[in-house]
Amino acid sequence: IKFMGRKKTCCLFLSLSSLGFLLILILDLSEDYKNIILFGTRFAISALYSTIGTFTLETYPTPARALGYGINQTTSKIIPVITPVFIELFPTGIFWGYFAVNFTSLILVIFVLEETIAKPLKEVIEEEEKDLQENIICEIEKSKSQISSG
């Protein structure tokens, strides 16, 4: 995590797990090869879980950090409990669902989340709001300059 950064690490493991789900869905493989791919996918998901835990703690400002981390942990514990039910009801649908969630998460990590490595943690919510306002103003100014030049 320290070498690559949180964002690149999340992207790597989301890509690997999405690829694993896609291979299971598209290729007609023997059970042995499916088990090997699923084992690798499970490794990627476990590594992603650890990375997201660190990323979550660094994303929220101090007053909201415990609540944000608690919501993250709660949702990550509920899904494994209900997954066996969905596997029985929708044997291949569960892989499409996991693939869709992984791919959507990958897109969100790439385009929405900021890298947190070597940045100080936000101490108050106002800092977060100020950064958001500055980013919005920058985007508006970029759009205006593109419109006027194009």
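Owing to the predicted nature of the structure, the values given are computational and were not obtained by experimental measurement.

### Some details on the side chain of N102
And step 1. Note on placement: N102 falls in helix α4 (residues 93-111).
And step 2. Judged by relative accessible area, which is 9%, N102 ranks as buried.

### Overview of a nonpolar patch on the surface
And step 1. Together, I78, I79, V81, I82, V85, F86, L89 and F90 make up an exposed nonpolar region whose accessible area comes to about 730 Å².
And step 2. Within the fold, V81 resides in helix α3 (residues 62-89).
And step 3. Given the relative accessible area of 62%, V81 is considered exposed.

### Describing the packing of aromatic side chains
And step 1. Per the stated rule, a full pass over the model turns up 6 aromatic pairs.
And step 2. Considering the side-chain rings of F21 and Y98, the 5.5 Å spacing of their centres and the 10° angle between planes classify their relative orientation as stacked. Placement of F21 in helix α1 (residues 6-26) and of Y98 in helix α4 is noted, with a sequence separation of 77 residues between them.
And step 3. For Y98, a relative accessible area of 26% gives the class partly exposed.
And step 4. Note on F99 and F103: the rings are 5.9 Å apart at their centroids and 20° apart in plane angle, and the pair reads as stacked. On the criterion of helical spacing, the pair formed by F99 and F103 is a turn pair, its members being 4 residues apart in helix α4.

### Quick word on the confidence of the model for the protein
And step 1. When the pLDDT values of the protein are averaged, the result is 80; 89% of them are 70 or greater.
And step 2. Mean pLDDT across the elements of the protein bottoms out in helix α5 (residues 125-149) (74) and peaks in α1 (88).

### A closer look at the nonpolar core
And step 1. Of all hydrophobic cores here, the largest spans 10 residues; its members are C10, C11, F13, L14, A44, A47, L48, F55, L106 and V109.
And step 2. Of all the elements in the fold, those that place two or more residues in this core are α1, α2 (31-59) and α4.
And step 3. Residues in contact with C11, not counting those within four places in the same chain, are L106, V109 and I110.
And step 4. Listed in part, the 6 residues of the second largest apolar core include F21, I37, I94 and F95.

### Quick word on α3
And step 1. Taking 1.5 Å per residue as the helical rise, α3 with its 28 residues ought to reach 40 Å, and the 41 Å between its terminal C-alpha atoms agrees with that figure.
And step 2. The sharpest bend along α3 reaches about 35° and sits at I82, with the proline P84 one to four residues further on.
And step 3. Within α3, the full set of buried residues consists of R65, G68, N72, Q73 and T83.
And step 4. On the buried face of α3, the contacting elements are α2 and α4.

### Regarding the environment of N102
And step 1. The spatial distance from the C-alpha of N102 to the C-alpha of S18 is 5.8 Å, given a sequence separation of 84 residues.
And step 2. Discounting chain neighbours no more than four positions away, the residues touching N102 are L14, S17, S18 and F21.
And step 3. Here the side chain of N102 touches S17 through a polar contact of 3.2 Å, side chain to side chain.

Definitions and limits used
- Residues numbered from 1 in each chain as written.
- Predicted model: local features only at pLDDT ≥ 70, side-chain atom pairs only at ≥ 80, totals over all residues.
- Heavy atoms only, no water.
- Helix = DSSP H or I, 4+ residues; strand = E, 2+ residues; numbered from the N terminus.
- Buried < 20%, exposed > 50% of the residue type's maximum accessible area, 1.4 Å probe, protein only.
- Patch = residues over 30% accessible without salt bridge, like charges linked within 9 Å, V, L, I, M, F, W, Y side chains within 5 Å.
- Areas by Shrake-Rupley, 256 points an atom, 1.4 Å probe, with all protein chains shown as cover.
- Salt bridge = Lys/Arg side-chain N within 4 Å of Asp/Glu carboxyl O.
- Phe/Tyr/Trp six-rings, centres within 6.5 Å; stacked < 30°, edge-to-face > 60°.
- pLDDT = per-residue confidence, 0-100.
- Core = buried A, V, L, I, M, F, W, Y, C linked by side-chain atoms within 4.5 Å.
- Contact = heavy atoms within 4.5 Å.
- Expected span 1.5 Å × (residues − 1).
- Bend = angle between axes of the 7 residues up to and from the residue.
- Polar contact = N/O pair within 3.5 Å; in protein donor to acceptor, adjacent residues only side chain to side chain.

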